Amino acid sequence: MSIIKEFKEFAMRGNVLDMAVGVVIGGAFGKIVSSLVADVIMPFVSIFTGSVNFTNWKVVLKQAVMEGTAVVTPEVAVNYGMLIQVIFDFLIIAVAIFLIIKAINRLKKKEDEKPASPATPPEDVLLLREIRDLLKSNVVNS
C-alpha cells in the first residue's frame, strides 16, 4: 500500500475529521475566553491588585540598547506576567469546559431516567402467548 493511499485513509476517518472540527472550534472558543479574561475579568482583578496589569510584569535581564529613539538591541526579559495571564486563561477555560460537560451530562442523565417504551416481544413469544390463549379458551368452552 502506498504511503499516499494510507495517508488518505487516515485523513478521511471520521475521528480525524471530528478532531479537526474540535480544534477549529476550540481555537475560536480560546479567543472568546481570552477576550473574557482580558476585557471583563482582569479589570476587576486589577481593582483588587491596585490597577496592576499582569502582562507588564517582567524581570529585565539586559536593558535595551538605544540610539536616540531607535532600538539597536532589544531588551532581554523574563515575562512572568504573561505566564500569570495564561494561567488565568487556562483556569477560566477549564471551568467553562467543566460547566459545559456537567450540563451535558445532566441532560443525558435526564434522558436516561425516562422510562423506555416496552420492547416488542420476539415473534416466538407472541406465538406461544397465542397458543396459550387458545388453550385457555378451549378449556373454558369444554
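Thresholds, definitions, all that
- Residues numbered from 1 in each chain as written.
- Predicted model: local features only at pLDDT ≥ 70, side-chain atom pairs only at ≥ 80, totals over all residues.
- Heavy atoms only, no water.
- Core = buried A, V, L, I, M, F, W, Y, C linked by side-chain atoms within 4.5 Å.
- Buried < 20%, exposed > 50% of the residue type's maximum accessible area, 1.4 Å probe, protein only.
- Helix = DSSP H or I, 4+ residues; strand = E, 2+ residues; numbered from the N terminus.
- pLDDT = per-residue confidence, 0-100.
- Contact = heavy atoms within 4.5 Å.
- Phe/Tyr/Trp six-rings, centres within 6.5 Å; stacked < 30°, edge-to-face > 60°.
- Salt bridge = Lys/Arg side-chain N within 4 Å of Asp/Glu carboxyl O.

Listed in full, the 6 residues of the largest apolar core are Val33, Val37, Met42, Val45, Phe54 and Ile92. Examining the composition of this core, we find that 4 residues originate from one element, helix H2 (residues 14-48), more than from any other.

This part takes up the confidence of the model for the protein. Close reading of the predicted structure is inappropriate where its pLDDT is low. Within the protein, residue pLDDT values average 82, and 94% of them lie at 70 or more. Mean pLDDT across the elements of the protein ranges from a minimum in H2, with 80, to a maximum in strand E4 (residues 76-78), with 94.

What follows covers the environment of Ala77. Mapped onto the elements, Ala77 comes out in strand E4. Note on Ala77: relative accessible area 25%, which makes it partly exposed. When the C-alpha atoms of Ala77 and Ala119 are compared, they prove to be 69 Å apart, with 42 residues separating the residues in sequence. When sequence neighbours within four positions are dropped, the list of residues in contact with Ala77 reads Lys58, Val59, Val60 and Leu61.

What follows deals with the side chain of Gln85. For Gln85, the position within the fold is in helix H3 (residues 80-113). Not counting residues up to four positions away in its chain, the partners in contact with Gln85 are Val37, Met42, Phe54 and Thr55.

Here the focus is the packing of aromatic side chains. In this structure the tally under the stated criterion is 1 aromatic pair. Summarising the aromatic geometry, the rings of Trp57 and Tyr80 are spaced 6.2 Å apart at their centres and angled 45 degrees between planes, so their arrangement reads as tilted. With Trp57 in the loop between H2 and strand E1 (59-62) and Tyr80 in helix H3, the pair connects residues that are 23 residues apart, well separated along the chain. Note on Trp57: relative accessible area 27%, which makes it partly exposed.

Our next topic: the pattern of salt bridges. All told, the structure shown has 2 salt bridges when counted by the stated rule. Note that Glu75 and Lys58 form a salt bridge whose closest N and O atoms lie 2.5 Å from each other. On the criterion of sequence distance, the pair formed by Glu75 in the loop between strand E3 (70-73) and E4 and Lys58 in the loop between H2 and E1 is long-range, its members being 17 residues apart. The partly exposed category is assigned to Glu75, whose relative accessible area is 32%. A salt bridge links Arg132 to Asp133; its shortest N-O distance comes to 3.3 Å.

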